[in-house]
Amino acid sequence: MKRNYWPLFFIAIFSFAFGMIVWTINSAIKVPVNQDETFLSSYHDVDRDYNKIVNSNKAFEKKYKLELTINKKTFDLEYKDMFLAQRAIEEKSKHKDIFNNGQNIIKVAVLDKKTDTFIKDFDIKIRVSRPTSHEHTVDLLNKDFSKNENGYDVSIVLPFKGNWNITGKIALGSDIGYFYIKSNAI
């Protein structure tokens, strides 16, 4: 009598496929989920309000000049890094290697373009985070900064080499400037 092994082969393939589905779901459940909080908002809010953010930056830049200095490298209201993949930093970004593994100095100053003087009081919200997890995120507000002659400065420690992002907003009354810079610590 001749045996037909096709049903066993079908059961084996089905069992393997079902096992892989269960394994995939189980693995995905164990991975932590980190919300993308570009500009300190959920990605839903950024998607919905992106044009408002760009227009807010344009209005802010007509009146003020932001000087965000990270370890002696100064930036304006940069936000176009949000369109780059983290790997593109190594090839295309001018923001490469701005952080140090260890001690970092961040200075924030705002220049009034009409009077050509530095503004002494403004609201700051900054987040320095790893793109892969929020485990070592550093959130900074005015109270975390020291006042200097032109604005505010703070010293933070980044415990790892690798990719880091800095995002935040500067507010002067109803004028808000947003920034987002992808970089890495060396």
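First, a word on what this report is: a plain description of the structure on this page. On a predicted model such as this, the values are computed, not experimentally measured, just so you know.

Scoring rules and cut-offs
- Residues numbered from 1 in each chain as written.
- Predicted model: local features only at pLDDT ≥ 70, side-chain atom pairs only at ≥ 80, totals over all residues.
- Heavy atoms only, no water.
- Helix = DSSP H or I, 4+ residues; strand = E, 2+ residues; numbered from the N terminus.
- Rg over C-alpha atoms; globule rule 2.2 N^0.38 Å.
- Buried < 20%, exposed > 50% of the residue type's maximum accessible area, 1.4 Å probe, protein only.
- Contact = heavy atoms within 4.5 Å.
- Areas by Shrake-Rupley, 256 points an atom, 1.4 Å probe, with all protein chains shown as cover.
- Lys, Arg positive; Asp, Glu negative; His and termini not counted.
- Charge placed at Lys NZ, Arg CZ, Asp CG, Glu CD.
- Pairing = 2+ DSSP bridges.
- Axes fitted to C-alpha atoms, helices over the stretch in contact; angles between N-to-C directions.
- Core = buried A, V, L, I, M, F, W, Y, C linked by side-chain atoms within 4.5 Å.
- Phe/Tyr/Trp six-rings, centres within 6.5 Å; stacked < 30°, edge-to-face > 60°.
- Lys NZ or Arg CZ within 6 Å of the ring centre and 35° of its normal.
- Salt bridge = Lys/Arg side-chain N within 4 Å of Asp/Glu carboxyl O.
- Polar contact = N/O pair within 3.5 Å; in protein donor to acceptor, adjacent residues only side chain to side chain.

**As for the overall build of the chain**
Okay, step 1: Along the chain, the regular secondary structure elements total three helices and 10 strands.
Okay, step 2: Whereas a compact globule of 186 residues would reach a radius of gyration of roughly 16 Å, the chain reaches 24 Å, over 25% beyond that.
Okay, step 3: With respect to the principal axes defined by its C-alpha atoms, the chain has extents near 100 × 35 × 30 Å.
Okay, step 4: Each of the 186 residues in the chain was classed as buried or not, and the buried ones make up 38%.
Okay, step 5: Partitioning the intrachain contacts of the chain with sequence separation of at least 6 by distance along the chain shows that 68% fall at a separation of at least 24.
Okay, step 6: Surface exposure of the chain reaches about 12000 Å², of which carbon and sulfur atoms provide 56%.
Okay, step 7: Within the chain, the 23 negative side-chain charges are centred at a point lying 6 Å from the centre of the 28 positive side-chain charges.

**Here's the deal with the sheet that holds strand E5 (residues 123-129)**
Okay, step 1: Read from one edge of the open sheet, four strands run E6-E5-E9-E10, paired in antiparallel fashion. Both edges of this open sheet fall to strand E6 (138-141) and strand E10 (175-185), since each of them pairs with a single strand only. Strand after strand, the sheet turns through a mean of 10 degrees between neighbouring axes, direction not considered.
Okay, step 2: Here four bridges tie E5 to E6, and the two strands are oriented antiparallel to one another.

**Some details on the pairing of strand E9 (residues 162-172)**
Okay, step 1: For E9, the buried fraction is high: eight of the 11 residues fall into the buried class.
Okay, step 2: With 11 bridges connecting them, E9 and E10 associate as antiparallel partners. The partner of Ile-170 across the bridge, within E10, is Gly-177.
Okay, step 3: As consecutive antiparallel partners, E9 and E10 are separated by two residues, and within that stretch Gly-173 has a phi angle of approximately 65 degrees, a positive value.

**Notes on the nonpolar core**
Okay, step 1: Membership of the largest hydrophobic core comes to 31 residues, with the highest contact counts inside it found for Ile-106, Val-108 and Val-128.
Okay, step 2: Beyond its immediate sequence surroundings of up to four residues, Ile-106 is in contact with Leu-68, Thr-69, Ile-70, Val-128, Leu-140, Phe-145, Tyr-152, Asp-153, Val-154, Ile-156 and Ile-166.

**A look at the packing of aromatic side chains**
Okay, step 1: Under the counting rule described, the total for this entry stands at six aromatic pairs.
Okay, step 2: A ring pair is formed by Tyr-50 and Tyr-79, whose centres lie 6.5 Å apart and whose planes are at 65 degrees; its orientation type is edge-to-face. Highlighted residues: Tyr-50 in helix H2 (residues 43-63) and Tyr-79 in the loop between strand E2 (73-75) and helix H3 (88-91), separated in sequence by 29 residues.
Okay, step 3: Using a relative accessible area of 22% as the deciding quantity, one classes Tyr-50 as partly exposed.
Okay, step 4: Through a chain of ring-to-ring contacts, the aromatic side chains of Phe-122, Phe-145 and Tyr-152 assemble into a single cluster.
Okay, step 5: A cation over a ring is seen here: Arg-130 above Trp-164, with NZ or CZ 5.3 Å from the ring centre.

**Some remarks on the environment of Asp-76**
Okay, step 1: The topology assignment puts Asp-76 in the loop between E2 and H3.
Okay, step 2: Residues Asp-76 and Gly-177 lie 101 residues apart in sequence; the distance between their C-alpha atoms is 9.7 Å.
Okay, step 3: For Asp-76, the residues in contact, after removing those within four places along its chain, are Lys-65 and Leu-66.

**Comments concerning the pattern of salt bridges**
One side chain can pair with another of opposite charge once the charged atoms of both are near each other.
Okay, step 1: For the coordinates displayed, the defined rule picks out seven salt bridges.
Okay, step 2: For Lys-147, the salt bridge is made with Asp-121, and the minimal N-O distance between the two is 2.5 Å. With Lys-147 in strand E7 (residues 146-147) and Asp-121 in the loop between strand E4 (117-118) and E5, this pair connects stretches of sequence that are 26 residues apart.
Okay, step 3: Exposure remark for Asp-121: the relative accessible area of 53% places this residue in the exposed category.
Okay, step 4: Here Lys-143 and Asp-144 are joined by a salt bridge, their closest N and O atoms 3.7 Å apart.

**Quick notes on the side chain of Asn-71**
Okay, step 1: As for its placement among the helices and strands, Asn-71 is situated in the loop between strand E1 (64-70) and E2.
Okay, step 2: Among the polar contacts listed, one links the side chain of Asn-71 to the backbone nitrogen of Ile-105, at a separation of 2.8 Å.
Okay, step 3: Asn-71 has contacts with Ile-98, Phe-99, Asn-100, Gln-103, Asn-104 and Ile-105, leaving out every residue within four places of it along the chain.

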